[in-house]
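Spelled out from the first residue to the last, the chains are:
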Amino acid sequence: MAVPKNRVSKARRDKRRSQVWKLSAPAFSRCTNCGELKAPHKVCDLCGFYKGKEVIAMEA
């Protein structure tokens with residue numbers, strides 16, 4: 001049977017139980033061309049624009 005060697009302090013126990021370490025929601029930014037939500041520093045999936053310039057020619 002497992003027996004703890006040393007007592008775990010309240011601070012250490014509560015730090016482990018806290019929700020601070022969990023992942024946060026991914027960041028999104030608006031496309032300057034169409035206004036759709038997209039990942040930052042990525043080409044827009046909907047219109048193919050990045051920083052106001054057309055990078056990928058998308059079909060209408």
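Each remark here, short or long, concerns the structure printed above.
What you see is a predicted model; the values in this text were computed from it and never measured.

Reading the values: the criteria
Residues numbered from 1 in each chain as written. Predicted model: local features only at pLDDT ≥ 70, side-chain atom pairs only at ≥ 80, totals over all residues. Heavy atoms only, no water. Helix = DSSP H or I, 4+ residues; strand = E, 2+ residues; numbered from the N terminus. Buried < 20%, exposed > 50% of the residue type's maximum accessible area, 1.4 Å probe, protein only. Contact = heavy atoms within 4.5 Å. Lys, Arg positive; Asp, Glu negative; His and termini not counted. Salt bridge = Lys/Arg side-chain N within 4 Å of Asp/Glu carboxyl O. Polar contact = N/O pair within 3.5 Å; in protein donor to acceptor, adjacent residues only side chain to side chain.

Asker: Can you help me understand unusual backbone geometry in this one?
Answerer: The phi angle of most residues is negative, glycine excepted, and most peptide bonds adopt the trans form. A positive phi is found at His-41, a non-glycine position, where the angle reads about 65 degrees. Structurally, His-41 can be placed in the loop between strand E2 (37-38) and strand E3 (49-50). A positive phi angle is found at Lys-51, which is not glycine, with a value near 55 degrees. Looking at the element boundaries, Lys-51 is found in the loop between E3 and strand E4 (53-54). For Lys-51, a relative accessible area of 69% puts it in the exposed group.

Asker: Please explain the environment of Val-55 as it appears in this structure.
Answerer: Among the secondary structure elements, Val-55 is positioned in the segment after E4. Here the alpha-carbon distance between Val-55 and Gln-19, two residues 36 residues apart in the chain, equals 40 Å. The residues touching Val-55, leaving out its near neighbours within four places in the chain, are Val-43, Gly-48, Phe-49 and Tyr-50.

Asker: What am I meant to see in the side chain of Lys-38 here?
Answerer: Turning to its location among the elements, Lys-38 is positioned in strand E2. With no salt bridge to any partner, buried Lys-38 finds its closest opposite charge in Asp-45, at an N-O distance of 9.2 Å. Here the side chain of Lys-38 touches Lys-42 through a polar contact of 3.1 Å, landing on its backbone oxygen. Setting aside anything within four residues of it in sequence, one finds Lys-38 in contact with Phe-28, Ser-29, Arg-30, Cys-31 and Cys-44.

Asker: Looking at this model, I keep getting lost on the pattern of salt bridges. Mind explaining?
Answerer: Side chains that differ in sign of charge can pair as their charged atoms come close. All told, the structure shown has 1 salt bridge when counted by the stated rule. The partner of Arg-13 in a salt bridge is Asp-14, and the shortest N-O contact between them spans 3.0 Å.

Asker: How should I be thinking about the environment of Lys-10 in this particular structure?
Answerer: Along the chain, Lys-10 falls in helix H1 (residues 10-17). By relative accessible area, Lys-10 is classed as exposed at 59%. Separated by 35 residues in sequence, Lys-10 and Asp-45 place their C-alpha atoms 48 Å apart.

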